[in-house]
Amino acid sequence: MTSVSVIIKAYNEEAHIAAAIESAFAGLNGLEGEVLLVDSASVDDTVKIASKYPISILEIRDAEERRCGAGAQAGYLYAKGEFLYLMDGDMVLDPTFLRKALDYLATHSGVAGVGGRISEMSTMNLEFKNRAQKLAQLSPLGDVDRLAGGGLYRRKAIDELGYLTDRNLHGYEEFDLGVRLRLQGWKLVRLDATAAEHYGHSMSTYRLLWHRVRMGYVLATGELLRASFDGNYLGQVARTLREFRLWIAVLTCWLVFGGMSFCFSSKLVVLGALALLGLIITILTMRKRSLSNSIYMLLGWQVFALGMLFGLLRKRVPPRQPLRIEVLKFT
């Protein structure tokens, strides 16, 4: 029978981890498989709750290594499966998806990974509300460049790359993985089938933005660009990552108005900046039909554009360098 390793990444997911683990076992029903939890030193009861289940539990204790890319990579190092399914600790796997994905991979030898439709269940803040409204755009069906939200991967394809996800990345680890796989001639496919439900953060909009800053997620675009430069695939990332072009546009505006301050009076520069901000907010408000959403988006652009610069400057370690992992339980 096919061996599947379900790798669950978690940080402070005591509210969702039991449902995530139970859904993984439901998806593995009738299959030979295992469940691994990679915990990023949670300070709540995530590990305590997970310990009640017959799963392997790995912990990344060093805060400097607590990144999205590190979690999946740690699971890969200990997983025994021929196929690897990645999911977050706030997700509930559809019980029928793994079989559908395995059937597809069995008949499509050139496909390295298969994903499905992810349903956003949280709309408590503007970020997840916007994401839910743009699911078709963010997660198209058919051949795709990434399996955002998780997917089932062939171990063979990952072994060819030498590592699953870049331990340096605070985000976009699935995008980076997709680029590297496609450069090796592999394909990624999103099926028209439900894969999982995602229960995102329920905190308020601006608390969530601060959480992104505090946890380093805003650095991810810059870290990805740095990784692609070191790996000689910067062109592929720059062409396909929409956020990169947006942050560059924001930084360009900063440079333009900064340059104008040397040529024109400060009052004229401020008036020009305010006029541009007003125009952007007006356009966004017309599109989103929400002034508060527009202001949040504009602020978020500034935060993530600045974060990209800091991410570019962060020191990298070799992606294959071993992580410091504490094995709390191994089945």
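Look above for the structure.
Residues numbered from 1 in each chain as written. Predicted model: local features only at pLDDT ≥ 70, side-chain atom pairs only at ≥ 80, totals over all residues. Heavy atoms only, no water.

Participant: Quick question: what am I supposed to make of unusual backbone geometry here?
Facilitator: With a phi angle near 55°, Asn-12 is a residue other than glycine that sits in the positive phi range. Following the sequence through the fold, Asn-12 ends up in the loop between β1 (3–10) and α1 (17–28). Even without a glycine there, the phi angle at Asn-232 is positive, about 65°. Following the sequence through the fold, Asn-232 ends up in the loop between α10 (220–230) and α11 (234–240). For Asn-232, a relative accessible area of 69% gives the class exposed. (Helix = DSSP H or I, 4+ residues; strand = E, 2+ residues; numbered from the N terminus. Buried < 20%, exposed > 50% of the residue type's maximum accessible area, 1.4 Å probe, protein only.)

Participant: Can you walk me through the packing of helix α12 (residues 242–260) against helix α14 (residues 291–313) in this structure?
Facilitator: At their nearest, the axes of α12 and α14 sit 9 Å apart, and the two run at 95° to each other. With respect to their mutual orientation, α12 and α14 come out roughly perpendicular. Where α12 abuts α14, its residues Phe-244, Leu-246, Trp-247, Ile-248, Val-250, Leu-251 and Trp-254 lie against Trp-301, Gln-302, Phe-304, Ala-305, Leu-306, Met-308 and Leu-309. Classifying every residue of the contact of α12 with α14 gives 13 nonpolar, 1 polar and no charged. (Axes fitted to C-alpha atoms, helices over the stretch in contact; angles between N-to-C directions. Parallel < 35°, antiparallel > 145°, perpendicular 65-115°, else oblique. Contact = heavy atoms within 4.5 Å. Nonpolar A, V, L, I, M, F, W, Y, C, P; charged D, E, K, R; others polar.)

Participant: Would you mind showing me how to read the pattern of salt bridges here?
Facilitator: In this structure the tally under the stated criterion is 16 salt bridges. A salt bridge links Glu-64 to Arg-314; the nearest nitrogen and oxygen atoms lie 3.9 Å apart. A residue pair is termed long-range when its members are at least 10 positions apart, and Glu-64 in the loop between β3 (56–60) and α3 (68–78) and Arg-314 in the loop between α14 and β10 (325–329) qualify at 250 residues. Residue Arg-314 is classed as partly exposed on the basis of its relative accessible area of 27%. Between Glu-65 and Arg-167 there is a salt bridge, and its shortest N-O distance comes to 2.8 Å. With Glu-65 in the loop between β3 and α3 and Arg-167 in the loop between α7 (155–161) and α8 (173–183), the pair connects residues that are 102 residues apart, well separated along the chain. The burial state of Glu-65 is the same as that of Arg-167; both residues are buried. Shared partners join several salt bridges into a network, and the residues in it are Asp-62, Glu-65, Arg-167 and Arg-324. (Salt bridge = Lys/Arg side-chain N within 4 Å of Asp/Glu carboxyl O.)

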